[in-house]
Amino acid sequence: MKKTGLYFGTFNPIHIGHLVIAHYMAEFTDLDEVWFVVTPKSPFKQKKSLLDNNHRYQMVTEAIQEYPKLKASTIEFDLPQPNYTIDTLVHLGEKYGQDHEFSLLMGEDNLKSFHKWKNYEAILEQCELFVYPRVSEGDIPERFKDNPRIHRVDAPIMEISSTFIRKQHQAGKDIRPMLPVAVYKYIDEMNFYR
């Protein structure tokens with residue numbers, strides 16, 4: 001049974017912050033691997049800046065090719081919209097449950113609003129949470145503070161955002177150090193975020 005951490009995001013684009021967090025979780029916790037679950041473009045929200053699903057999946061694949069403990073997943077691409085984490089977990093359980101025990105990776109900012117997620121109690125029953133630090137406002141609700149299923153992980157604080165990268169790239173700034181080399185090449189060749 002593999003302990004698999006699920007790292008959800010649009011990854012638009014995936015950057016070194018994402019990579020550092022995922023790699024840290026796979027290497028320095030009891031997780032065996034981490035799956036980047038690429039969130040599909042919502043048909044309800046036409047965000048112009050959000051690249052097509054397959055391009056974002058391709059960038060994740062390029063970014064992680066040298067890290068055997070990291071995988072890319074398109075599992076949400078075929079699920080009904082909007083995507084709720086609980087529904088994805090049920091689907092993953094049906095498809096891979098015999099070989100994988102799933103956990104969720106989330107930033108501390110998400111833990112602060114976790115009680116607002118659809119069926120959050122059921123999510124906690126099904127999987128453990130691995131929470132990495134983020135600079136954010138507000139407090140963690142009491143009910144999540146000493147929960148044995150919630151692990152606060154002392155991962156590095158990564159304050160890089162995909163939004164910042166897109167904006168600066170569009171402005172003609174050199175953003176190369178913030179991206180895995182293969183991802184920068186892909187963005188450059190495809191002329192994305194210009």
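For the structure given in this document, a descriptive report is provided here. Keep in mind it's a predicted model, so treat the numbers as computed, not measured.

When we look at burial in helix α7 (residues 162-170), the residues that qualify are Ser162, Ile165, Arg166 and His169. For α7, the angular spread of buried residues about the axis comes to 95°, placing them on one side. Buried positions along α7 lie against α1 (16-28) and α8 (181-190). Positive backbone phi, at 85°, marks glycine 172, one or two positions downstream of α7.

Once that is clear, we can look at the pattern of salt bridges. Per the stated rule, a full pass over the model turns up 10 salt bridges. The residue glutamate 128 makes a salt bridge to lysine 3 at a minimum N-O spacing of 3.0 Å. Taken together, the positions of glutamate 128 in the loop between α5 (120-126) and β5 (129-132) and lysine 3 in strand β1 (residues 2-9) put the pair 125 residues apart, joining distant regions of the chain. Its relative accessible area of 15% is what places glutamate 128 among the buried residues. By relative accessible area, lysine 3 is classed as buried at 14%.

This part is about the nonpolar core. With 34 residues, the main nonpolar core has Tyr7, Ile14, Met25, Val34, Phe36, Met59 and Leu70 as its most contacted residues. For this core, the leading source of residues is α1, giving five residues. The residues contacting tyrosine 7, other than those within four sequence positions of it, are His18, Ile21, Ala22, Val34, Trp35, Phe36, Val37, Leu105 and Tyr132. One finds Ile86, Leu89, Leu92 and Val131 within the second-largest nonpolar core, a separate group that totals 21 residues.

Alternating residues of β5 divide into Leu129 and Val131 and Phe130 and Tyr132, and every residue in both groups is buried. Where strand β4 (residues 100-107) meets β5, four bridges bridge the pair, whose relative direction is parallel. Bridge pairing in β5 links glycine 107 to tyrosine 132. With three bridges connecting them, β5 and strand β6 (residues 150-152) associate as parallel partners. Directly across from leucine 129, in β6, lies its bridge partner isoleucine 150.

Calculation notes
- Residues numbered from 1 in each chain as written.
- Predicted model: local features only at pLDDT ≥ 70, side-chain atom pairs only at ≥ 80, totals over all residues.
- Heavy atoms only, no water.
- Buried < 20%, exposed > 50% of the residue type's maximum accessible area, 1.4 Å probe, protein only.
- Helix = DSSP H or I, 4+ residues; strand = E, 2+ residues; numbered from the N terminus.
- Arc of directions from axis to C-beta.
- Contact = heavy atoms within 4.5 Å.
- Salt bridge = Lys/Arg side-chain N within 4 Å of Asp/Glu carboxyl O.
- Core = buried A, V, L, I, M, F, W, Y, C linked by side-chain atoms within 4.5 Å.
- Pairing = 2+ DSSP bridges.

Keep in mind these values describe shape, not function.
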